[in-house]
Amino acid sequence: RLVEDCRTQSHEEIPPLPSAPGEYRLGDAGVERLELAPVRPLAPALVPDPSRYAVITGGTGGIGAVLAHHLVRHWGFRQIMLVSRRGLAAPGASELKAALGREGAEVRILAVDLAAPHAVASLFAESGTPGLVVHCAGMLHDQRIAELDSTVLAEVLAPKLGVALALDAALA
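Every chain is numbered on its own, with residues counted from 1 as its sequence reads. In view of the model being predicted, local features appear only for residues whose pLDDT reaches at least 70, and side-chain atom pairs are presented and counted only at 80 or more, with totals across whole chains, interfaces and linings using the full set of residues. As a rule here, side-chain values come from all non-hydrogen atoms in the structure, and water together with hydrogens is ignored.

**Brief notes about the packing of helix H4 (residues 117-127) against helix H5 (residues 150-171)**
The cut-off we apply is this: Under this scheme, a helix contributes an axis fitted over its contacting stretch, all axes are lines through C-alpha atoms, and angles between N-to-C directions fall in the 0 to 180 degree range. For helices the rule is a DSSP run of H or I covering at least 4 residues; for strands it is a run of E covering at least 2, with both sets numbered from the N terminus onward. Here is the rule for angles: anything less than 35 degrees is roughly parallel, anything more than 145 is roughly antiparallel, 65 through 115 is roughly perpendicular, and the remaining ranges are oblique. For any pair of crossing helices, the crossing counts as left-handed if the nearer helix is rotated counterclockwise from the farther one by less than a right angle, and right-handed if it is rotated clockwise. Here, two residues are considered to be in contact whenever any of their heavy atoms come within 4.5 Å of each other. Ten residue types, Ala, Val, Leu, Ile, Met, Phe, Trp, Tyr, Cys and Pro, are classed as nonpolar, four, Asp, Glu, Lys and Arg, as charged, and the remainder, Gly among them, as polar.
It is the contact of H4 with H5, at a shortest axis distance of 9 Å, that shows an interaxial angle of 40 degrees. With respect to their mutual orientation, H4 and H5 come out oblique. Crossing angle aside, the handedness with which H4 passes H5 is right-handed. Here Pro117, Val120, Ala121 and Phe124 of H4 come into contact with H5, specifically with Ala166, Leu167, Ala170 and Leu171. Grouping the amino acids of the contact of H4 with H5 by side-chain chemistry returns eight nonpolar, no polar and no charged.

Quick look at the structure:
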């Protein structure tokens, strides 16, 4: 439900997550309970580096757009690379680029077929080492989890895993 609200509400309407356990409300949508979990510090190699650029796959989609604004506002990233299949041709991509620009970010939106490992490798070869990579791209299959079978899971998760492995190899 929270993801649906991220798609339908503008990024300005989505409040930051609470800092204490309890109920979390997003407009009229309620999340029954939000528990804070103990978090171990990240290894130094995994700490985001805002002095470099951030890459968001699926960056022109609803979750990617919300995340991009968050990285600019709260993490201090000033260089954002949004990668999607359609790039600037994606609905709302130009508006997203302009909005992030008004927040002080330099934004590149690229159309890349992330299913092709060579395309992923060339993406980083041209741009250098990113300070953060978030893999939001994925395949949509609207169905309740209880109704999913192994065939559908494989169809949905195989491309996601393939891209994750290509990202890992390109950044190794």
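**Let's talk about the side chain of Ser84**
What counts here: For the purposes of these results, a polar contact is taken to be a pair of N or O atoms within 3.5 Å, where, inside protein, one atom must be able to donate a hydrogen and its partner to accept one; residues adjacent in sequence count only when each atom of the pair is a side-chain atom.
Counting through the fold element by element, Ser84 comes out in strand S4 (residues 79-84). Separated by 2.9 Å, the side chain of Ser84 and the backbone nitrogen of Gly87 make a polar contact.

**Points about the nonpolar core**
Convention followed: Within this scheme, the nonpolar core is defined by two criteria: the residues are buried Ala, Val, Leu, Ile, Met, Phe, Trp, Tyr or Cys, and they are joined through side-chain atoms within 4.5 Å. Here's how the labels work: a residue is buried when its accessible area is under 20% of the maximum for its type, exposed when over 50%, partly exposed in between, all with a 1.4 Å probe on protein chains only.
Judged by nonpolar contacts, the single largest core of 18 residues is most densely connected at Leu71, Ile80, Leu82, Leu100 and Val107. Looking at this core, the elements that each hand over two or more residues are strand S3 (54-57), helix H2 (62-74), S4, helix H3 (93-102) and strand S5 (106-111). Looking at this core, the element that brings in the most residues is H2, giving five residues. Every residue in contact with Leu82, bar those within four places of it in the chain, is listed here: Ile56, Gly59, Ala68, Leu96, Leu100, Val107, Arg108, Ile109 and Leu110. Formed by 15 residues, the second largest nonpolar core is a distinct cluster that contains Tyr53, Val112, Ala119 and Ala166.

This is a description of form; function is not addressed.
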